[in-house]
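# A closer look at the structure
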Amino acid sequence: MTTSADVDPHHSRIGARRLLAIDGFRRLLFSRFSSQWGDGLFQTGLAGAVVFNPERAVSPQEIAAGFVVLLLPYSVIGPFAGALLDRWDRRRVLVVANLLRGALILVSAICVTTGVAGFPILLLALIVIGISRFVGSGLSASLPHVVPVPNLVEANALSVTLGAVVSVIGGGCAIGLRTLFGEDNTGSGLTTAVAIIGSGLAAWLASRFVRGALGPDRVVEPATAVAAVAHGLFDGARVAARTPTVAAGFCALLAHRASFGISLLMTVILMRYSFEDWGPVEAGLPGLGVVLGAGGIGIFLAGLTTARLVTSLGRKRTVFLALGLAAMSQFGLGMPMILPTTLAAAFLIAYTGQVVKLCVDAAVQRDIGDETRGRVFALYDMLFNITQALAVAVAATVIPANGESVTLIVVATVVYLAGITGFELVSRRGVRSRREA
């Protein structure tokens with residue numbers, strides 16, 4: 001039975017219709033949609049250009065290197081981005097960052113079209129995805145300025161979940177455009193270029209906010225930007241460590257991202273070199289698109305159900321159940337290493353991972369002050385992307401050429417169990433601290 005201590009007293013539900021009636025929330029939501037649609041299209045288009053391009057041959061280690069590039073950008077700029085989000089006008093940051101990203105997407109598309117490979121493409125992808133992470137943190141840090149605090153869980157579930165689904169839709173658009181334009185360098189370049197539309201629209205929507213509307217409300221920073229940047233990582237870590245709900249959530253989400261990184265690498269390599277067609281589902285990039293679609297459905301359902309789960313079970317039990325289901329899905333459905341069970345695993349792992357993420361997002365937005373929230377979100381993305389990138393890199397050193405590895409599935413399952421343990425231990429520390437206070 002759920003106790004009053006388990007249920008979040010700061011959470012209330014007003015429904016999606018009333019949330020969308022809030023002009024500021026609606027504008028911020030559509031800016032997120034535009035941004036994440038472009039992200040999904042750009043990343044999938046680039047993956048198709050590098051991994052599934054008949055004009056290029058890649059090894060599992062090269063595939064892993066590509067994933068690390070997609071994951072590391074915010075790990076590199078994370079210590080700095082948070083301090084800047086808590087110092088600069090977030091509305092201006094969203095406009096300028098989206099415009100800069102659009103310009104770099106165009107440069108990337110030209111490079112793909114002309115057959116540029118290796119380091120230049122990886123560097124451009126690193127910068128573009130890094131800017132995308134910066135934009136995502138800015139959107140998350142801005143949300144409490146357009147939604148009442150009691151409705152943050154629901155608003156965050158709606159915006160982050162639908163944003164992730166829109167990102168998957170963007171990936172699906174990339175697959176469709178590759179069919180239209182072709183799978184060679186020219187077709188891949190044209191596909192990648194279409195992502196400019198998302199950045200441009202996101203910048204325009206953000207520009208419709210008045211200056212200062214998205215915070216920060218006040219600046220608690222050193223006199224110079226350099227000093228603010230230098231203190232960003234330390235301040236974010238200090239505040240997160242002092243907030244048990246946030247620290248416990250970090251443990252849970254770190255485990256999910258590590259396990260998910262292993263699964264992601266295995267799935268791509270299996271789809272490229274091992275899986276066979278299953279009914280109407282083709283292996284290769286089309287099959288990867290179906291896997292992304294299954295994950296997108298799981299993310300969407302998480303958005304519909306997470307607020308209700310937190311209301312009825314409490315945040316702690318919701319996270320426990322999500323991690324437990326993820327562990328069972330990872331082992332039971334991942335072990336066969338065939339396309340149909342992989343689709344089911346993609347759905348369940350995406351669902352449970354999004355439930356955990358929404359709980360952690362809400363904890364940061366609710367329990368961290370506005371003057372440091374941007375730094376905590378920046379630390380959040382930095383830690384989780386480093387964790388996933390390291391998991392991918394380590395898995396790449398032992399994964400067979402065809403992607404079939406029982407050992408990696410067992411390791412990914414154990415990581416989830418470690419996350420459950422860490423979440424429980426840190427949560428107990430928070431309960432003891434409240435009792436002593």
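Residues numbered from 1 in each chain as written. Predicted model: local features only at pLDDT ≥ 70, side-chain atom pairs only at ≥ 80, totals over all residues. Heavy atoms only, no water.

How we decide: UniProt positions are given in the numbering used here, feature names are shortened, and annotations may be inferred rather than shown by experiment.
For the chain, the name recorded in an unreviewed UniProt entry is MFS transporter, with Actinophytocola glycyrrhizae as its organism. Quoted verbatim from the Subcellular location (unreviewed entry) heading of the UniProt record, the comment on the chain is "Cell membrane".

## Comments concerning the overall build of the chain
Here is the rule we go by: In this text, helices come from DSSP runs of H or I with a minimum length of four residues, and strands from runs of E with a minimum of two, each type numbered from the N-terminal end. The buried label goes to any residue with under 20% of its type's maximum accessible area, the exposed label to any with over 50%, and the partly exposed label to all in between, with areas taken from a 1.4 Å probe on protein chains only. Any pair of residues with heavy atoms lying within 4.5 Å of one another is described as a contacting pair. Areas reported here follow the Shrake-Rupley algorithm with a probe of radius 1.4 Å; residue values treat only the protein chains shown as occluding.
The helix and strand tally for the chain stands at 16 helices and zero strands. Taken across its 437 residues, the chain has 56% of its residues classed as buried. Pairs at least 24 apart in sequence give 87% of the contacts found in the chain among residues at least 6 apart. Accessible area for the chain stands at about 17,500 Å²; split by element, carbon and sulfur atoms hold 68% of it.

## Things to note about the nonpolar core
Stated precisely, the cut-off is as follows: As used here, the term nonpolar core means buried Ala, Val, Leu, Ile, Met, Phe, Trp, Tyr and Cys residues forming a set that is joined through side-chain atoms within 4.5 Å.
Within the largest apolar cluster, 38 residues are counted, with the highest numbers of intra-cluster contacts made by Phe25, Leu28, Phe42, Leu94, Leu143, Val146 and Val147. For this core, the secondary structure elements donating two or more residues are α2 (23–50), α5 (90–113), α6 (119–142) and α7 (152–181). When residues of this core are assigned to their parent elements, the largest contribution, nine residues, is made by α2. In terms of nonpolar packing, the next biggest core, distinct from the first, is built from 35 residues, Phe250, Leu253, Tyr380 and Ile420 among them.

## Here's the deal with the pattern of salt bridges
Short version of the rule: Every case where a carboxyl oxygen of Asp or Glu lies within 4 Å of a side-chain nitrogen of Lys or Arg is listed as a salt bridge.
Under the defined criterion, the tally for this structure stands at seven salt bridges. A salt bridge links Asp39 to Arg101; its shortest N-O distance comes to 2.9 Å. Taken together, the positions of Asp39 in helix α2 and Arg101 in helix α5 put the pair 62 residues apart, joining distant regions of the chain. The buried category is assigned to Asp39, whose relative accessible area is 11%. A salt bridge links Lys316 to Glu424; its shortest N-O distance comes to 3.3 Å. Here Lys316, found in helix α13 (residues 315–334), pairs with Glu424, found in helix α16 (residues 406–436); they are 108 residues apart in sequence, far enough to count as distant. The exposure class assigned to Lys316 is partly exposed, which follows from its relative accessible area of 24%. Taking the relative accessible area as the measure of exposure, Glu424 reaches 16% and is therefore buried. Beyond isolated ion pairs, a larger network of salt bridges with shared partners links Asp23, Arg26 and Arg27.

## Focus on the packing of aromatic side chains
We count it as follows: Stacked, tilted and edge-to-face pairs are distinguished by plane angle, under 30 degrees for stacked and over 60 for edge-to-face with tilted covering the rest, among Phe, Tyr and Trp rings (Trp via its six-membered ring) whose centres lie within 6.5 Å.
Counted according to the given criterion, the structure contains five aromatic pairs. Seen in terms of ring centroids, Phe250 and Phe384 are 5.3 Å apart; in terms of plane orientation they differ by 80 degrees. Their pairing is edge-to-face. Of this pair, Phe250 sits in helix α11 (residues 244–273) while Phe384 sits in helix α15 (residues 370–398); the two residues are 134 residues apart in sequence, bridging distant segments of the chain. A single burial state applies to Phe250 and to Phe384, both of which are buried. Judged by centre distance (5.4 Å) and plane angle (90 degrees), the rings of Phe320 and Phe423 are edge-to-face. Residue Phe320 is found in helix α13, and its partner Phe423 is found in helix α16; the two are separated by 103 residues along the sequence.

## Section: a nonpolar patch on the surface
What counts here: Patches draw on residues past 30% relative accessible area with no salt bridge. Two like charges within 9 Å are joined, as are two nonpolar side chains (Val, Leu, Ile, Met, Phe, Trp, Tyr) within 5 Å.
Taken together, the side chains of Ile297, Phe300, Leu301 and Leu304 define a hydrophobic patch exposed on the protein surface, amounting to about 320 Å² of accessible area. On the secondary structure map, Ile297 appears in helix α12 (residues 285–313).

## What about the environment of Phe67?
Structurally, Phe67 can be placed in helix α3 (residues 60–71). With 24 residues separating them along the chain, Phe67 and Gln43 place their C-alpha atoms 10.0 Å apart. Setting aside residues up to four positions removed in sequence, Phe67 forms contacts with Leu264, Leu265, Val268 and Val392.

## Considering unusual backbone geometry
Backbone geometry at Met337 places phi at a positive 55 degrees, although glycine is not the residue there. If you trace the backbone, Met337 turns up in the loop between α13 and α14 (339–367).

## Structural notes on the confidence of the model for the chain
Just so we agree on the cut-off: For every residue, the predictor states its confidence as a pLDDT score lying anywhere from 0 to 100.
On average, residues of the chain carry a pLDDT of 83, and 86% of them reach 70 or more. Confidence, expressed as mean pLDDT per element, reaches its minimum in the chain at helix α4 (residues 73–85) with 61 and its maximum at helix α9 (residues 196–207) with 96. Contacts from residues 1–10, a stretch scored under 50 in pLDDT, to residues over four places away or in other chains number 18 contacts.

## Observations regarding the side chain of Thr243
In plain terms, the rule: Counting of polar contacts relies on pairs of N or O atoms within 3.5 Å, with two restrictions inside protein: one atom must be capable of donating a hydrogen and the other of accepting it, and residues adjacent in sequence are counted only when both atoms are side-chain atoms.
Along the polypeptide, Thr243 turns up in the loop between α10 (225–241) and α11. Polar side-chain contacts of Thr243 include one of 2.8 Å to the backbone oxygen of Val239.

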